[in-house]
Amino acid sequence: MSPVFNFSAGPAVLPREVLLEVQNELLNWHGSGMSVMEMSHRGKEFMQIAAEAEEDLRAVMGIPSGYKVLFLQGGATAQFAMVPMNLIRGRSSIDFIDTGHWSKLAMKEARKFNVAVRVAASAEDRGYSYVPAEETWQRDPDAAYLHYTSNETLGGVEFPFVPSTGDVPLVCDMSSNFLSRPVDVSKFGLIYGGAQKNIGPAGLTIVIVREDLLGQALPGTPTMFDYKIQAEGDSMYNTPPTFAIYVAGLVFKWMQRQGGLKAIEQRNIEKAALLYETIDTSAGFYACPVEKPFRSRMNVPFRLADPALDEAFVKEARARNLLQLKGHRAMGGMRASIYNAMPLEGVKALTVFMQDFARSHG
Ligand SMILES: *Cc1c(COP(=O)(O)O)cnc(C)c1O
């Protein structure tokens, strides 16, 4: 079979090298005679795998001491509830930056708690095509925290900056641009994300949380949802998603071999630039609705001027082994997700196809 390029938004493409490693050691991990899937999470083999995965993530991302790294389950969606449960800490409001689909869902969940959910800024006025300038945000200086979505996976809107919130803890849903560029973790109170976008298999959720924010969960918080208990148990209060942690660990090592986040960011910039240039120079055949400074490097939404051609586009792309380009059902059009593991070669193949398609249908 000739290689395919998978542009799915998630679960998404993984590095081929990593999949081959997994295949090689699937039945017998490092001479143990067992698959990682079959190991006790409390055995020394898996404890080593998990410890190394955390160590490598800390190294790749430059996570300072004073932060806990948690390997949880439930996806980013569970964090929409877990974050307020743990971080309200007796305060009466939470600030949100509303940039579209995922920030709205995070707000919806926060409204279930006895707290004012404030929209400090919203991009709804321009169809969620941008990030409101920080100077215009109407913040509450006493908010429990400020929450934002660093990359809106459906809308293709990415923050080109990290907000400065002073004493108010900054909380970020980083699901779809986690580890795609360097970030200064010390600016954050908490970062969370599902692994299935840019890290590893579905089933693993990563939370990075500043230690001083732990230990004040709301009364009635279930044990599994209390960060402090998860931190004290090294994310093994119960059975963690062992196989997903193992694969994520291999991805962290792959990232180190790629030269780390700076080098990975350079490649992501190059891939995204090529794709946006193809859209912008198509004489209107394709269009991206996102304002230029906020265009995502990870998820590139675009529309065909004639939506009657959508079906033919997807079908002809598939015939060239370019998969999963159909946009989210809520958005329509197309979307190409070009996470870390998408090679430049894949983006080149897509742009060549897009030009050919425009020529033959224009
Ligand atoms: C995919 C996604 C989610 C939801 O993730 P689940 O792991 O399916 O719960 C939340 N936020 C963002 C930004 C996402 O991309």
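Residues numbered from 1 in each chain as written. Predicted model: local features only at pLDDT ≥ 70, side-chain atom pairs only at ≥ 80, totals over all residues. Heavy atoms only, no water.

> Explain the sheet that holds strand β8 (residues 170-173) to me, and be specific about the residues and the numbers.
If you walk across this open sheet you meet the seven strands as β2-β10-β9-β8-β5-β3-β4, and the pairing is mixed. The open sheet has two free edges, formed respectively by β2 (67-72) and β4 (116-122), since each of these has just one partner strand. Pairwise comparison of adjacent strand axes, ignoring direction, gives a mean angle of 20° for this sheet. Note that β8 and strand β9 (residues 190-194) share three bridges and pair parallel. Residue pairing for β9: aspartate 173 is matched across the bridge by tyrosine 192. Across the sheet, helix α2 (residues 44-61) is in contact with β2, β9 and β10 (205-210); its angle to β2 comes to roughly 125°. (Pairing = 2+ DSSP bridges. Helix = DSSP H or I, 4+ residues; strand = E, 2+ residues; numbered from the N terminus. Axes fitted to C-alpha atoms, helices over the stretch in contact; angles between N-to-C directions. Contact = heavy atoms within 4.5 Å.)

> Describe the site of the ligand, with residues and values.
The ligand sits among 13 residues. The nearest are Thr77, Thr153, Asp173, Gln196 and Lys197. Protein burial of the ligand: of its 390 Å² of free accessible surface, 87% is covered by the chains. In terms of residues, the shell around the ligand owes the most to one element, helix α3 (residues 75-87), which gives four residues. Of the residues contributing to the shell around the ligand, the split by class is three nonpolar, eight polar and two charged. (Near = heavy atom within 4 Å. Areas by Shrake-Rupley, 256 points an atom, 1.4 Å probe, with all protein chains shown as cover. Nonpolar A, V, L, I, M, F, W, Y, C, P; charged D, E, K, R; others polar.)

> Tell me about the packing of aromatic side chains, residues and numbers included.
Summed over all chains, the structure comprises 16 aromatic pairs. Seen from their ring centres, tryptophan 137 and phenylalanine 161 are 6.2 Å apart, and the 40° between their planes marks the pair as tilted. Highlighted residues: tryptophan 137 in the loop between β4 and β5 (146-149) and phenylalanine 161 in the loop between β7 (157-158) and β8, separated in sequence by 24 residues. Three or more aromatic residues joined by ring pairs make a cluster, and in this case those are Phe285, Tyr286, Phe302, Phe313, Phe353 and Phe357. The side chain of arginine 126 reaches across the aromatic face of tyrosine 130, ending 3.7 Å from its centre. (Phe/Tyr/Trp six-rings, centres within 6.5 Å; stacked < 30°, edge-to-face > 60°. Lys NZ or Arg CZ within 6 Å of the ring centre and 35° of its normal.)

> Could you give me a rundown of unusual backbone geometry, with the residues and numbers involved?
Of the consecutive residues glycine 10 and proline 11, the connecting peptide bond is found in the cis state with omega at -10°. Residue placement: proline 11 occurs in the loop between β1 (5-6) and α1 (16-24). You will see that tyrosine 128, though not glycine, has its phi angle at about 55°, which is positive. Examined against the element boundaries, tyrosine 128 turns out to sit in the loop between β4 and β5. The phi angle at serine 235 is positive, at roughly 60°, despite the residue not being glycine. As for its placement among the helices and strands, serine 235 is situated in the loop between α5 (227-232) and α6 (242-257).

> Tell me about the pattern of salt bridges, and name the residues and values.
Counting across every chain of the model gives 17 salt bridges. Across the pair aspartate 356 and arginine 320 runs a salt bridge whose closest N-O atoms are separated by 2.9 Å. Separated by 36 residues along the polypeptide, aspartate 356 in helix α9 (residues 344-361) and arginine 320 in the loop between α8 (310-319) and β13 (322-323) bring together distant segments of the chain. With a relative accessible area of 40%, arginine 320 lands in the partly exposed category. Here the residues in one salt-bridge network are Glu17, Glu21 and Arg257, joined through shared partners. (Salt bridge = Lys/Arg side-chain N within 4 Å of Asp/Glu carboxyl O. Buried < 20%, exposed > 50% of the residue type's maximum accessible area, 1.4 Å probe, protein only.)

> Lay out the environment of phenylalanine 161 with the relevant residues and their values.
On the basis of relative accessibility, which here comes to 24%, the residue phenylalanine 161 falls in the partly exposed class. The residues touching phenylalanine 161, leaving out its near neighbours within four places in the chain, are Val131, Pro132, Glu134 and Trp137.

> Tell me about the domain arrangement of the chain, residues and numbers included.
Each assigned domain of the chain is listed with its residue range as follows: domain 1 (17-257) and domain 2 (259-361). Averaged C-alpha coordinates put domain 1 and domain 2 at centres separated by 27 Å. Counting residues at the interface gives 26 residues for domain 1 and 25 residues for domain 2. Summing both partners gives a buried area of about 2200 Å² for domain 1 against domain 2, and 56% of it is carried by carbon and sulfur. Taken together, the connections running from domain 1 to domain 2 amount to one salt bridge. The partner of arginine 126 in a salt bridge is glutamate 291, with the nearest N and O atoms 2.9 Å apart. Across the domain 1-domain 2 interface, the total number found is 15 residue pairs in polar contact (both at pLDDT 80 or more). (Domains from an automatic or database assignment. Buried area = accessible area lost by both parts, 1.4 Å probe. Polar contact = N/O pair within 3.5 Å; in protein donor to acceptor, adjacent residues only side chain to side chain.)

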